[in-house]
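Single-letter residue listing:
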Amino acid sequence: MATEREARVRDAAAEAADEVDVLVVGAGPTGLMLGAELALGGVRVQILERRTAAQRDSRALTLHPRSIELMDQRGLVERFLSHGRTVPEWHFAGLDTRLDFSTLDTRHGYTLFLAQARTEHLLAERARELEVPVRRGYEVVGLRQDAGGDGGCGDGQGGPAAAGGVEVDVRGPGGGLRTVRARYVVGCDGGRSAVRRAAGIAFPGTDETLTGVLGDFAVVDPAALDRARAHGVLVAPLEADGPANGPAEGQTGGLTRLVLIDPRRMRTPSAEPLTPEEFRSSLVDLCGTDCGVARPRWLSRFGNATRLAARYRAGRVLLAGDAAHIHFPAAGQGLNTGLQDAMNLGWKLAAEIHGWAPPGLLDSYHAERHPVGRAVTENTEVQTLLMELTLLPPYQRPAAALRTLLTELLGIEEVNRRLAGRISALDTVYPPTATDADPLAGRRMPEIALTAAGSAAVRAHELLPPGRFVLLDLAGDEQLRRTVTPGWGPRVTALTVTRHDHRADLDGVREILLRPDGHIAWATRTPALSDRRTERHRALTDWAGTPAQG
């Protein structure tokens, strides 16, 4: 029987295809999610990864409510919930008053505590089910775009796919060079993205000025952990499902993570190796005990460098995840933002590949996600500053007073809900494309229960696993299917809803068009049926492209 190592060697040696529709570079959570979304959209996709084996260590530990909703929309949520632990509250800058996710407008009002290695494992499983090839041991060393490409640069001027493509030079597991040709390339290859550099996309921001450390330990003294928490050390148990001789792929093996910022060492460059001795010394300095830590599985130093790509698209090259935005891991938003990038981009890029994307659809990826990236980098900078000031003697007293004030403000229900919505990404609203758009346009679809004609009750999210648009007729147009199916049938599922949960924001709404990512593309409250059909035709054309003929 082949060993696990031999299997990995075979995987690394598998040859990259010479030509694909989309080449995704990077097999982290963002790349795997994007690869699966593209395959769901019928695109020939391949993922290349520099590492020869799946990641065992887990920098990120959380899936926030919006990311859990995305898994629900694809029918995957139970897989993730079965391996994690739900937490109904979260934090902002470590303030004492917690953010209450349980009050938010979602079925998933919690953070799912789940190690990144497990998240990657589950997403890799999804990619395999959709027959997405993941080729390991391949490193991008250069790329060239055809002059005949469509030239979109995130300025809203893109259009249907034109002839052209990208040639990507990669170094394989044996050191040899080869060229892969793709119609589009997406860099999901992290903060040091080779794709971003090769495409000439600027990455402005601030350099590292502060570092923290984390350690995953097989042995700790449980009696000392409360003391560590009281002194600002983050203590997190990791899942205990690995075999006795070490965790298998996607497993963490029952470790305890400790994360801290040591005032005496917080200017140490993140590139400097972290030793067990330094970690123990920092624990003693902070809380008077080393917490009995022993048998470290992973030690890492991380910094607060904060950068946001100037554009998420340069012609036929796009960026997602850490390749597009990096920041201090405050409130655990990085991995989640990357997953949401992938969900936004996948269906749009598939539409472009298939030739039915309306003008500007692919450029809307930058228009919608770049502001989200900016908001995340800004709020993490605020959180980092709130933490850093308490460690600097000249600012400790006013910083403590500021944190006390903010803690009190978070006790106000509306303030808490507003910030919880931002950190959870449930408040993400994409700008409407029409000046007369309904207030629902761009928002997440409310998770209502509904009954369609001739079917049992379902949740709105249960309509989205195929990755198509969903048109909900709440007013009973008997001609609905006849006006939708002939031209948009392969792209749009049309349902007449006979009953649905009451919500004040749906009062008067007669039709809703859901995007494949669960956001509302269009809604109408127009009472006249003939006018509504005209609006519907325009909305479908604007979002799902020109109707097919014949």
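Basis of the calculations
- Residues numbered from 1 in each chain as written.
- Predicted model: local features only at pLDDT ≥ 70, side-chain atom pairs only at ≥ 80, totals over all residues.
- Heavy atoms only, no water.
- Helix = DSSP H or I, 4+ residues; strand = E, 2+ residues; numbered from the N terminus.
- Rg over C-alpha atoms; globule rule 2.2 N^0.38 Å.
- Areas by Shrake-Rupley, 256 points an atom, 1.4 Å probe, with all protein chains shown as cover.
- Lys, Arg positive; Asp, Glu negative; His and termini not counted.
- Charge placed at Lys NZ, Arg CZ, Asp CG, Glu CD.
- Pairing = 2+ DSSP bridges.
- Axes fitted to C-alpha atoms, helices over the stretch in contact; angles between N-to-C directions.
- Contact = heavy atoms within 4.5 Å.
- Parallel < 35°, antiparallel > 145°, perpendicular 65-115°, else oblique.
- Nonpolar A, V, L, I, M, F, W, Y, C, P; charged D, E, K, R; others polar.
- Phe/Tyr/Trp six-rings, centres within 6.5 Å; stacked < 30°, edge-to-face > 60°.
- Buried < 20%, exposed > 50% of the residue type's maximum accessible area, 1.4 Å probe, protein only.
- Lys NZ or Arg CZ within 6 Å of the ring centre and 35° of its normal.
- Salt bridge = Lys/Arg side-chain N within 4 Å of Asp/Glu carboxyl O.
- Core = buried A, V, L, I, M, F, W, Y, C linked by side-chain atoms within 4.5 Å.
- Patch = residues over 30% accessible without salt bridge, like charges linked within 9 Å, V, L, I, M, F, W, Y side chains within 5 Å.
- pLDDT = per-residue confidence, 0-100.
- Left-handed = near helix turned anticlockwise from the far one by under 90°.

## Remarks on the overall build of the protein
- Counting secondary structure elements, the protein contains 14 helices and 26 strands.
- Relative to the globule expectation of 24 Å for 550 residues, the C-alpha radius of gyration of the protein, 24 Å, shows essentially globular dimensions.
- Projected onto the principal axes, the alpha-carbon positions of the protein cover approximately 75 × 60 × 45 Å.
- Of the roughly 22,800 Å² of accessible surface on the protein, 52% is carried by carbon and sulfur atoms.
- Positive and negative side-chain charges of the protein, numbering 65 and 69 respectively, have mean locations separated by a distance of 1 Å.

## Notes on the sheet that holds strand β22 (residues 457-459)
- Strand order in the open sheet formed by 6 strands is β22-β21-β24-β23-β25-β26, and the pairing between neighbours is mixed. This sheet does not close on itself; its edge strands, each paired only once, are β22 and β26 (520-524). Taken over all neighbouring pairs, the strand axes of this sheet differ in orientation by 35° on average, direction set aside.
- Most of the contacts of helix α14 (residues 529-544) go to β26, to which it runs at about 170°, and overall it touches β23 (469-473), β24 (492-500), β25 (511-514) and β26.

## Some details on the packing of helix α10 (residues 364-389) against helix α11 (residues 396-409)
- Where α10 contacts α11, the axes come no closer than 8 Å and their chain directions differ by 130°. In terms of orientation, α10 lies oblique with respect to α11. On the side of α10, the interface is formed by Leu386, Met387 and Leu389, while α11 contributes Gln396, Ala399, Leu402, Arg403 and Leu406.
- Taken together, the residues of the contact of α10 with α11 sort by class into 6 nonpolar, 1 polar and 1 charged.

## Things to note about the packing of aromatic side chains
- Enumeration according to the criterion identifies 5 aromatic pairs in this entry.
- Taken together, a centroid distance of 5.5 Å and an interplanar angle of 85° make the contact between Trp347 and Phe469 edge-to-face. Of this pair, Trp347 sits in helix α9 (residues 334-354) while Phe469 sits in strand β23, and the two are 122 residues apart along the sequence. There is no split in this pair, since Trp347 and Phe469 are both buried.
- Grouping aromatic residues by their ring pairs yields a cluster made of Trp347, Trp356 and Phe469.
- Between the NZ or CZ atom of Arg85 and the centre of the ring of Phe113, over which it lies, the distance is 4.9 Å.
- Note that Arg316 overlies the ring of Tyr184, its terminal NZ or CZ placed 4.7 Å from the centroid.

## Comments concerning the pattern of salt bridges
- The final tally for this structure, using the stated rule, is 42 salt bridges.
- Notably, a salt bridge pairs Arg417 with Glu413, separated by 2.6 Å at the nearest N-O pair. Highlighted residues: Arg417 and Glu413, both in helix α12 (residues 413-424), separated by 4 residues, approximately one helical turn.

## A few points about helix α3 (residues 65-73)
- Across the 9 residues of α3, 9 count as buried, placing the element largely inside the fold.
- Within α3, the full set of buried residues consists of Pro65, Arg66, Ser67, Ile68, Glu69, Leu70, Met71, Asp72 and Gln73.
- Of the residues one or two after α3, Gly75 is the one with positive phi, at around 75°.

## Section: the nonpolar core
- Core analysis: the largest hydrophobic core is formed by 70 residues, its most contacted members being Val22, Leu23, Phe80, Val186 and Leu349.
- Not counting residues within four places of it along the chain, the set of residues in contact with Val186 comprises Val22, Leu23, Val24, Val25, Leu34, Leu318, Ala320, Leu345 and Leu349.

## Comments concerning a nonpolar patch on the surface
- A surface patch of nonpolar side chains, about 370 Å² in accessible area, is lined by Leu402, Leu405, Leu409, Ile412 and Val415.
- With 3 residues, the top contributor of residues to the nonpolar patch is α11.
- Checked against the element boundaries, Leu402 lands in helix α11.

## A short note on the side chain of Ser282
- Mapping Ser282 onto the fold places it in helix α8 (residues 276-287).
- Assessed through its relative accessible area of 3%, Ser282 is described here as buried.
- Not counting the four nearest positions on each side in its chain, Ser282 is found in contact with Leu260, Asp262 and Arg265.

## Some thoughts on the confidence of the model for the protein
- The predicted model of the protein has a mean per-residue pLDDT of 91, with 92% of residues at 70 or higher.
- In this model, residues 153-162 is a region of pLDDT below 50 whose contacts with residues beyond four sequence positions or in other chains number 27 contacts.
- Scored below 50 in pLDDT, residues 241-252 shows 29 contacts in the model against residues more than four places distant or in partner chains.

## Examining the packing of helix α2 (residues 29-40) against α9
- Packing of α2 against α9 brings their axes to within 8 Å, and their N-to-C directions diverge by 25°. The orientation of α2 relative to α9 falls into the category roughly parallel. Crossing of α2 against α9: the hand is right-handed. Each of Pro29, Thr30, Met33, Leu34, Glu37 and Leu38 in α2 lies in contact with α9, whose residues at this interface are Leu335, Gly338, Leu339, Ala342, Met343, Leu345, Gly346, Leu349 and Ala350.

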